[in-house]
Amino acid sequence: MAYLRRALGATVRKATRSFPAVLVTGARQTGKTTLLRHEFGRTHRFVSLEAPDVRARALADPVSFFREYPAPVMLDEIQYVPELLHYVKEFIDGDRRPGRWLLTGSQSFPLMRGVAQTLAGRVAILTLDALSVTETTGRRLDARPERALHRVFSDGLARGQTTSRGVAAAPDLANWLLRGGFPEPRVNHRVDRQLWFASFVQTYLERDVRDLVQVGDLHAFQRFTSLAAARTGSLLNLADLARDVGVSPPTASRWLSVLEASQLVYLLRPYHRNFGKRLTKAPKLYFLDTGLASYLTGLHDREAVLRGPMLGALTETAVVSEWVKLFHGLGVQPPLYFWRARDLEVDVLVEWGQRLWAIEAKATATPTPHHADNLVRWRTIAGKNVRAVVACQVSSPASLGRDVRAVPWHLAW
């Protein structure tokens, strides 16, 4: 499978110039190992701690292990042997030269707790998501959030960017909703989508979930995951979700934390000028990969996706996840929110540079001024200088009037 340049690659290289250690986290199968081996294979030794024999050797005699694998080194899947973090700390305290320790690990509570306690101030923590649409096309990646925002929201910077010689075309919406951005099913079209996601879910349940929490009934947890996927793009109501699964609300809350720690879901908070209210009000739930979400909800062909009741929610999920990936790729926590009032909702607000940028996600391929009604109403509240767009199935930006324009949903034009 050909290597696709990842936005996070430049961010990792930048981090290695400042921090003694860099930890790349993210969901299973997003390409963490491939990224580091491609970027640093010539300068760093590589050792995978997923292999049971290597893991046993590292635990039994860590001093000898590090004599065999001295820095600069890549320690892959460090969550399997978090005890090694104490030794890494000692080595760093003895030699603080930057970029000598590269770590990967699927996000988990024990791993992140161990990193926070042991390597605080010594490690940059970065997140690698599944492929974004821009990464799959080979287009130039925006190096700063300001550039991405101005490209999406500014008419002037968007002109002349609808074609690019030698660059692959962005996938259509239905294809993206079905196959998502995990590298294997996205890049290798011979991979059977249903078999791949079935294997992914089973591996996730048997390995990651058992490591994260003591789940007595994995079938109940899988049912919880599927019912959560059916709610992607919706306001989170844990009590209703718990009732439908047949578990208590505290259990549902704990299981949701597992999905979030595994980087499978993203909770979009409501926007309030009072920061405390952002944290206490109910968030919206999004799966970060539409392929996984559509698989879990039993959608397996274009007709079922395009004519089914989940098209709008999955489209909104795709739009939100592309923005999450953009900021994660730059090493920034996504400054994303939504606006919800009694009679008005805006899907996404980006808070950056002391400004708000508003986005409505629509599945339509023929946007009209009517699709911008919520944005126009919201601008009367937020101020007329706020930029606003409708993200939908258009191939290039187009004006909808009233200072709102339609843009391609995937940010890759």
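Not measured: the values here are computed from a predicted model.

Participant: Just checking my understanding: could you explain a nonpolar patch on the surface for this structure?
Facilitator: There is a patch of nonpolar side chains on the surface, built from Val63, Tyr87 and Phe91 and spanning about 250 Å² of accessible area. As for its position among the elements, Phe91 is in helix α5 (residues 84-94).

Participant: How should the nonpolar core be read in this particular structure?
Facilitator: Side chains of nonpolar character tend, in soluble globular proteins, to be buried together. In terms of nonpolar packing, the biggest core is built from 75 residues, with Trp323, Leu336, Val350 and Ile359 touching the most fellow members. Not counting residues up to four positions away in its chain, the partners in contact with Val350 are Leu149, Trp323, Phe327, Pro335, Leu336, Arg355, Leu356, Trp357 and Ile359. Grouped together as the second largest cluster of nonpolar side chains are 25 residues, Ala58, Leu75, Tyr80 and Leu119 included.

Participant: Just to check I follow, could you spell out the packing of helix α14 (residues 238-245) against helix α15 (residues 249-261) for this structure?
Facilitator: Helix-helix packing is described using two parameters, namely the angle between the two axes and the distance between the axes. Direction vectors running N to C along α14 and α15 enclose 100°, while the axes themselves pass 8 Å from each other. Comparing the axis directions of α14 and α15 gives the class roughly perpendicular. In this structure, α14 uses Leu238, Ala242 and Val245 to contact α15, whose residues at the interface are Pro249, Ala252, Ser253, Trp255 and Leu256.

Participant: Please clarify how the sheet that holds strand β13 (residues 398-399) should be interpreted in this entry.
Facilitator: Neighbouring strands of a sheet are bound in pairs by backbone hydrogen bonds; such pairs are parallel or else antiparallel. With mixed pairing, the nine strands of this open sheet are ordered in space as β6-β8-β7-β9-β10-β11-β12-β14-β13. The open sheet is flanked by β6 (234-235) and β13, the only strands paired with a single partner. Where strand β7 (residues 265-270) meets strand β9 (residues 336-340), two bridges bridge the pair, whose relative direction is parallel. From the neighbouring strand, Arg269 faces β9, where its bridge partner is Tyr337. Packed on one face of the sheet, helix α8 (residues 145-153) meets β10 (345-352), β11 (355-361), β12 (387-392) and β14 (404-408) and runs near 55° to β11. Against the sheet, α15 touches β7 and β8 (284-287), its axis set at about 105° to β7.

Participant: Can you help me understand the confidence of the model for the protein chain in this one?
Facilitator: Should pLDDT be low for a region, the predicted coordinates there are not to be read in detail. Per-residue confidence for the protein chain averages 90 on the pLDDT scale, and 92% of its residues sit at or above 70. The low-confidence segment residues 156-165, where pLDDT is below 50, has 11 contacts with residues more than four positions distant or belonging to other chains.

Criteria and cut-off values
- Residues numbered from 1 in each chain as written.
- Predicted model: local features only at pLDDT ≥ 70, side-chain atom pairs only at ≥ 80, totals over all residues.
- Heavy atoms only, no water.
- Patch = residues over 30% accessible without salt bridge, like charges linked within 9 Å, V, L, I, M, F, W, Y side chains within 5 Å.
- Areas by Shrake-Rupley, 256 points an atom, 1.4 Å probe, with all protein chains shown as cover.
- Salt bridge = Lys/Arg side-chain N within 4 Å of Asp/Glu carboxyl O.
- Helix = DSSP H or I, 4+ residues; strand = E, 2+ residues; numbered from the N terminus.
- Core = buried A, V, L, I, M, F, W, Y, C linked by side-chain atoms within 4.5 Å.
- Buried < 20%, exposed > 50% of the residue type's maximum accessible area, 1.4 Å probe, protein only.
- Contact = heavy atoms within 4.5 Å.
- Axes fitted to C-alpha atoms, helices over the stretch in contact; angles between N-to-C directions.
- Parallel < 35°, antiparallel > 145°, perpendicular 65-115°, else oblique.
- Pairing = 2+ DSSP bridges.
- pLDDT = per-residue confidence, 0-100.

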